[in-house]
Amino acid sequence: MVRRAMVTGAAGRIGRAVLALLAERGIEANALVLEDPGDLAGARLVVTGDAADAKTVRAALEGADAVIHLAAIPTPARNTAFEVFAGNSLSTFTVLEEAGRAGIRHAAVASSWGVTGLPWTAAEDPHPPYAPVDEEMASQVADPYGLSKQVDELTAQMMARRHGMSVVCLRYPYVGGFEERLYAHAARLTADPAAGARELWTYLEVHDAARAALLALDVPGRAAHAVHLCAPEIIVPYPTEELLRRFHPTTVLRRPLPGRAAPVDTSAARRLLGFTAQNLLGHGAVLPS
C-alpha cells in the first residue's frame, strides 16, 4: 500500500488532480515543480527544480514509496527539438533511476497518444493501419515529442529490469476538465471533425487521468507496461465508423465500432489496472450551439 507518493509536474493539469486524489485517499504527497505556484493543496513537501536534475529529484523523493512522473514538455511546438527530446527523456531517466536507487518499486509515468506518431508526423494525412488502435501498432513518430515518449517507455523497461520495479506508462489522450477545456474542445471538433482526426477524436477527463495514475501504483511484479487510456466514446456526436471511412479511408476495421465507440483498444488498461473511464461527456454537450 502506498503511503507517500512523489509527484513530478504536480502543478500541471493532471498533477493537481493527482494531488487532490492522493489527499482524498489519505496518501501523503511530495510535489516536484519547476516553480512553486503557492497553492498546491495536499502536498506535504514541495521541491522546486528540474526533474532532470538528480539532486533535485533525490530531495523530492524524501520519504516516498511510489512515484508518479508527469513532468514533461507536452508538445513539440513551443520549444526547440533539442529541448523537447533531451528534457523529456533525461527527466524520465533521472526520476526512475533515483527512485530505483532509493528502493522505490512502483512508478507511473505519463506517456502519450503522441507515441503513435499520429499527432505531429510530417505526413499530410497520417492514418493508423488498423482500428481499434492497440499498444502493438507500429509507430509513425517523426517528431521529437513522440520520440521522447518512445524513449520514456524504453527507459521504463530498462529501469524495471535494472531495479526490479513495476513501471506503468500511461498513454494519455487529450486530457482536461469539462468546463476547463473539454466542452470547448468538443464544440471545436464537432464543427470541424477533421481537426480531431489525428487523435481519433478521443479524450479523457482529468479526474479519470489521475485515478489511472494511482491504480498504476498497485500493479505488482517487476516489469514495465504501456497502456492506452481514453473515454469509451469519442468526443463528437458522429458515428465512429463514418468518421473513419471519411478521414482514414485506408484504415482496416478489425472489429465493429458501433455508435460513437472510441477507435482505441483500452482492454490492456482494464486488465492491468482495472481502469475504465467514468467521467464522460454527455452526447448533448458536444452539439454545436
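Residues numbered from 1 in each chain as written. Predicted model: local features only at pLDDT ≥ 70, side-chain atom pairs only at ≥ 80, totals over all residues. Heavy atoms only, no water.

## Some points on the nonpolar core
Nonpolar side chains tend to gather and get buried jointly when the protein is soluble and globular. Under the convention used in this document: Only buried residues count toward a nonpolar core, which is a set of Ala, Val, Leu, Ile, Met, Phe, Trp, Tyr and Cys residues joined through side-chain atoms within 4.5 Å. Note on exposure labels: buried denotes an accessible area under 20% of the residue type's maximum, exposed denotes more than 50%, and partly exposed covers the range between, all computed with a 1.4 Å probe on protein chains only. By the criteria applied, helices consist of DSSP H or I runs no shorter than four residues and strands consist of E runs no shorter than two, each listed in order from the N terminus. We call two residues in contact whenever any of their non-hydrogen atoms come within 4.5 Å of each other.
Counting residues in hydrophobic clusters, the biggest one holds 42 residues, and the most contacted among them are Val18, Ile68, Leu170, Tyr172, Leu229 and Leu273. Listing elements by their share of this core, those giving two or more residues are β1 (4–8), α1 (13–24), β2 (28–33), β4 (66–69), β5 (106–112), β7 (166–172), α6 (206–216) and α8 (267–273). Here this core gets seven residues from one element, more than from any other, and that element is α6. Apart from the residues lying within four places of it in its own chain, the contact partners of Leu229 are Leu170, Arg171, Tyr172, Pro173, Leu204, Ala212, Thr266, Ala269 and Phe275. Judged by nonpolar contacts, the second largest core, of 27 residues, contains Ala131, Val133, Ala197 and Ala231.

## Points about the layout of surface pockets
Here is the rule we go by: Put plainly, a pocket is an open set of points on a 1 Å grid over the protein atoms alone with protein on both sides within 12 Å along at least five of seven lines, a cavity is a set where a 1.4 Å probe fits but cannot get out, and a lining residue has an atom within 4 Å of a point. Grid points are joined across faces, edges and corners, and a volume is the space filled by probe spheres set on the points. Three categories are distinguished: nonpolar for Ala, Val, Leu, Ile, Met, Phe, Trp, Tyr, Cys and Pro, charged for Asp, Glu, Lys and Arg, and polar for the others, with Gly belonging to the last.
What the largest pocket holds in volume is close to 1,400 Å³. Ala72, Ile73, Pro74, Thr75 and Tyr145 are the residues nearest the centre of the largest pocket, which is lined by 50 residues in total. Those elements giving two or more residues to the lining of the largest pocket turn out to be α1, β2, α3 (81–101), β5 and α4 (144–163). Classifying every residue of the lining of the largest pocket by side-chain character gives 25 nonpolar, 15 polar and 10 charged.

## Side note on empty space enclosed by the protein
The gaps of empty space that remain are located by a probe, the size of a water molecule, rolled over the atoms. All told, the structure shown has one cavity of 30 Å³ or more when counted by the stated rule. Each pocket or cavity is described by its volume, and for the largest cavity that value is around 30 Å³. Trp113, Arg171, Tyr172, Pro173, Thr202, His228, Leu229, Cys230 and Val264 are the residues that line the largest cavity. Here the residues of the lining of the largest cavity sort into six nonpolar, two polar and one charged.

## Section: the state of the cysteines
Working definition: the covalent bond between the sulfur atoms of two cysteines is a disulfide. As a reminder of what qualifies: In what follows, a disulfide is any cysteine sulfur pair within 2.5 Å.
Enumeration over the complete set of coordinates arrives at zero disulfides. Its sulfur unpaired, Cys169 is 17 Å from the next cysteine sulfur, which belongs to Cys230.

## Focus on the packing of α3 against α4
Filter applied, for reference: In this description, a line fitted to the C-alpha atoms serves as the axis of each element, helices being fitted only across the stretch in contact, and the angle between N-to-C directions of two axes falls anywhere from 0 to 180 degrees. Any angle between 65 and 115 degrees counts as roughly perpendicular, while under 35 counts as roughly parallel, over 145 as roughly antiparallel, and the rest as oblique. Here a crossing is taken to be left-handed if its near helix is turned anticlockwise relative to the far helix by less than a right angle, and right-handed if that turn runs clockwise.
Two numbers describe how α3 lies on α4: the axes approach to 9 Å, and their chain directions differ by 15 degrees. In this view, α3 runs roughly parallel relative to α4, as classed from their interaxial angle. Crossing of α3 against α4: the hand is right-handed. Contacts between α3 and α4 pair Ala81, Val84, Phe85, Asn88, Ser89, Thr92, Phe93, Leu96, Glu97, Gly100 and Arg101 from the former with Pro144, Tyr145, Leu147, Ser148, Val151, Asp152, Thr155, Ala156, Met158, Met159, Arg162 and His163 from the latter. Classifying every residue of the contact of α3 with α4 gives 12 nonpolar, seven polar and four charged.

## Remarks on the pattern of salt bridges
For clarity, the threshold we go by: Any carboxyl oxygen of Asp or Glu that lies within 4 Å of a side-chain nitrogen of Lys or Arg is treated as forming a salt bridge with it.
Evaluation of the coordinates by the stated rule reveals 15 salt bridges. A salt bridge links Glu28 to Arg44; the nearest nitrogen and oxygen atoms lie 3.0 Å apart. Taken together, the residues span a long stretch of sequence, with Glu28 in strand β2 and Arg44 in the loop between β2 and β3 (45–48) at a distance of 16 residues. Judged by relative accessible area, Arg44 falls into the exposed class, the value being 57%. Lys149 serves as the salt-bridge partner of Asp152, at 3.4 Å between the closest nitrogen and oxygen.

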